[in-house]
Amino acid sequence: MKNPKKQAHSWAAILAMLTFLLGLILFFYLIIPQLYGSILQLATEFDSYYKSLTGWINQLLVDYPQVVTIVNKILGTAADSFQDFVQESLIPLITSYMTHIASGVIDVVIGVKNSLIGLIIAIYAMLYEKKLLFACKRLTATFFSAPATNRIFILARRADNIFSGFISGKILDSIIIGILCFILMSIFKIPYAVLISVIVCVTNVIPFFGPFIGAIPSCLLLLLIDPWQAVYFGILILLLQQFDGNVLGPMILGDSTGLNPFWVVVVILVGGGLFGFAGMVLGLPIFSFFYSIFKEHTARKAIDKDLPVDDTAYEELFEINPETGGWITKTTYPSAEEIQQHNFGYVIKKIVNHQKNKFSCWKNKHKR
């Protein structure tokens, strides 16, 4: 090869596009029909599922008829609401989309055209990404000073590492978890394996809360069919998420965000509340990028003031002397003298000595 790097880059772009197209074909021809069939089956057999669930609860609470009445009333209301949603909203919506795709020739043609344009742009972006990168570097070096150029390059590399590592890693991690969930559900013959695996795969993209968001509705769905199947699925998904959180996730993602759990929870809640699903997924890498800049800035300011950078060094800091700049520490641990002062024997001895001193003063006063 005259230019092996260029050839390898071109072949990598072609293989990436072929892999994407293969995944798209498998999704539309294998997963979509099974999802549609699972939803239709769930709607048509919902009454039998509801009867079996109420029968199981009646047998379980046979000695508590008042509790059975209350539970049946709650289940009846929830079942009616869910069935109305499925039959009046979900199924007509899915059916209209399927019919629209099948009969809307113009829309299909427009969609194919847009997809082809997107694929062509993606191919060119992958083939010429190096040239685009070189052009961006040239423009940055031309219009900015040397320190500003270096700073922009550092921040761009940091943003690329955070975003590409987190998003691509999280998608790959979620796909693997979805496939493992489908395989395990098929082995243990748990119903609606495709539908539940897709739910688990999609919700697993959301950090921290994703496993719970996907597991709870899936357990409720299986609870209608067979309560024991819901228990088995709960145990299976718990083990699967432990494997994901302790083995697979760290292996793929590593410490891509560098945030503690408190900030992860806050960012997901705020991002989800403001921007929905996209905010829950993209909020973490965006916040992590700006948090790293802020952390670097505060570390530089601390070094300029001859202060420690590590947070744990500030455990015993109580005040800073405004004249000398030295630390005034207040330890959180009691000294030996403080421990002795709280000793029972020491307290009794102190009381006795105090009473003896009072008696001596009284005695000297009367002698006079």
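What this report covers is the structure whose coordinates are included nearby. Numbering of residues starts from 1 in every chain and runs along the sequence as written. Whole-chain, interface and lining totals are the exception, using all residues; otherwise, since this is a predicted model, local features are given only for residues with pLDDT of at least 70 and side-chain atom pairs are given and counted only at 80 or more. To get the side-chain values, all heavy atoms of the structure are used, and hydrogens and water are removed first.

Some points on the overall build of the protein
Each helix corresponds to a stretch of at least 4 residues labelled H or I by DSSP, and each strand to a stretch of at least 2 residues labelled E; elements are numbered beginning at the N terminus. When helices and strands are counted, the protein shows twelve helices and two strands. In the protein, buried positions account for 24% of the 368 residues. Throughout, a contact is declared for two residues whenever any of their heavy atoms are within 4.5 Å. When contacts within the protein are restricted to residue pairs at least 6 apart in sequence, long-range pairs at least 24 apart make up 63% of them. Accessible surface, the protein: about 25,900 Å² in total, of which carbon and sulfur atoms supply 69%. Here's how the labels work: a residue is buried when its accessible area is under 20% of the maximum for its type, exposed when over 50%, partly exposed in between, all with a 1.4 Å probe on protein chains only. In these tables, accessible area is a Shrake-Rupley quantity obtained with a 1.4 Å probe, and a residue counts as shielded only by the protein chains included in the view.

Structural notes on the environment of Phe-243
Along the chain, Phe-243 turns up in helix α9 (residues 227-253). What makes Phe-243 partly exposed here is its relative accessible area of 34%. Expressed as a C-alpha distance, the spacing of Phe-243 and Ile-177, which sit 66 residues apart in the sequence, is 9.3 Å. When neighbours within four sequence positions are excluded, Phe-243 is seen to be in contact with Leu-180 and Leu-248.

Observations concerning the environment of Ile-175
One can find Ile-175 in helix α6 (residues 146-187). According to the relative accessible area criterion, Ile-175 is partly exposed, its value standing at 41%.

Here's the deal with the packing of aromatic side chains
We describe a pair of aromatic rings using the distance from one ring centre to the other and the angle between the two ring planes. For Phe, Tyr and Trp, where Trp contributes only its six-membered ring, two rings pair if their centres lie within 6.5 Å, and the inter-plane angle classes them as stacked under 30 degrees, edge-to-face over 60, or tilted in between. One pass over the full model with this rule turns up three aromatic pairs. With a centroid separation of 6.0 Å and an interplanar angle of 15°, the aromatic rings of Tyr-124 and Tyr-128 are classed as stacked. Look at Phe-287 and Tyr-291: their rings are 5.9 Å apart centre to centre, the planes differ by 25°, and that puts the pair in the stacked class. You can see Phe-287 and its partner Tyr-291 sitting in helix α10 (residues 261-304), four residues apart, about one turn around the helix. For Phe-287, a relative accessible area of 28% puts it in the partly exposed group. Look at Tyr-291 and you get partly exposed, because its relative accessible area is 23%.

A word on α10
Taking 1.5 Å per residue as the helical rise, α10 with its 44 residues ought to reach 64 Å, whereas the 30 Å between its terminal C-alpha atoms falls clearly short. A residue's bend is the angle separating two fitted axes: one through the seven residues that end there, the other through the seven that start there. Where α10 bends most, at Phe-275, the angle is about 150°. Count one or two residues on from α10 and you reach Asp-306, which has phi positive near 60°. By definition here, a helix of n residues has an expected span of 1.5 Å times n minus one.

Re the nonpolar core
The term nonpolar core refers to a set of buried residues drawn from Ala, Val, Leu, Ile, Met, Phe, Trp, Tyr and Cys, joined through side-chain atoms within 4.5 Å. With 19 residues, the main nonpolar core has Cys-181, Met-185, Ile-196, Val-200, Leu-222, Phe-233 and Ile-237 as its most contacted residues. Taken together, the elements giving at least two residues each to this core come down to α6, α7 (193-203), α8 (210-225) and α9. With six residues, α9 is the single largest residue contributor to this core. Sequence-distant contacts of Val-200, that is, excluding residues within four places in its chain, are made with Ile-177, Cys-181, Phe-233, Ile-237 and Gln-241. Among the nonpolar cores identified, the runner-up in size contains ten residues, and Phe-166, Leu-259, Val-264 and Val-281 belong to it.

A short note on the pattern of salt bridges
Definition used for salt bridges: Asp or Glu carboxyl oxygen within 4 Å of a side-chain nitrogen of Lys or Arg. This structure, assessed with the given rule, holds three salt bridges. The shortest N-O distance in the salt bridge between Glu-296 and Arg-151 comes to 2.9 Å. Of this pair, Glu-296 sits in helix α10 while Arg-151 sits in helix α6, placing them 145 residues apart in sequence. Here Glu-296 makes a salt bridge to Arg-158, at a shortest N to O gap of 2.6 Å. Of the two residues, Glu-296 is situated in helix α10 and Arg-158 in helix α6; the sequence distance between them amounts to 138 residues. When its relative accessible area of 25% is taken as the criterion, Glu-296 is described as partly exposed.

Some details on the side chain of Thr-203
On the secondary structure map, Thr-203 appears in helix α7. The exposure class of Thr-203 is buried, given its relative accessible area of 12%. Pairs of N or O atoms within 3.5 Å make up the polar contacts considered here, provided that, within protein, one atom can donate a hydrogen while the other can accept it, and that residues adjacent in sequence are counted only when both atoms are side-chain atoms. There is a polar contact of 3.5 Å between the side chain of Thr-203 and the backbone nitrogen of Gly-214. Apart from the residues within four sequence positions on either side, Thr-203 is in contact with Gly-210, Pro-211, Ile-213 and Gly-214.

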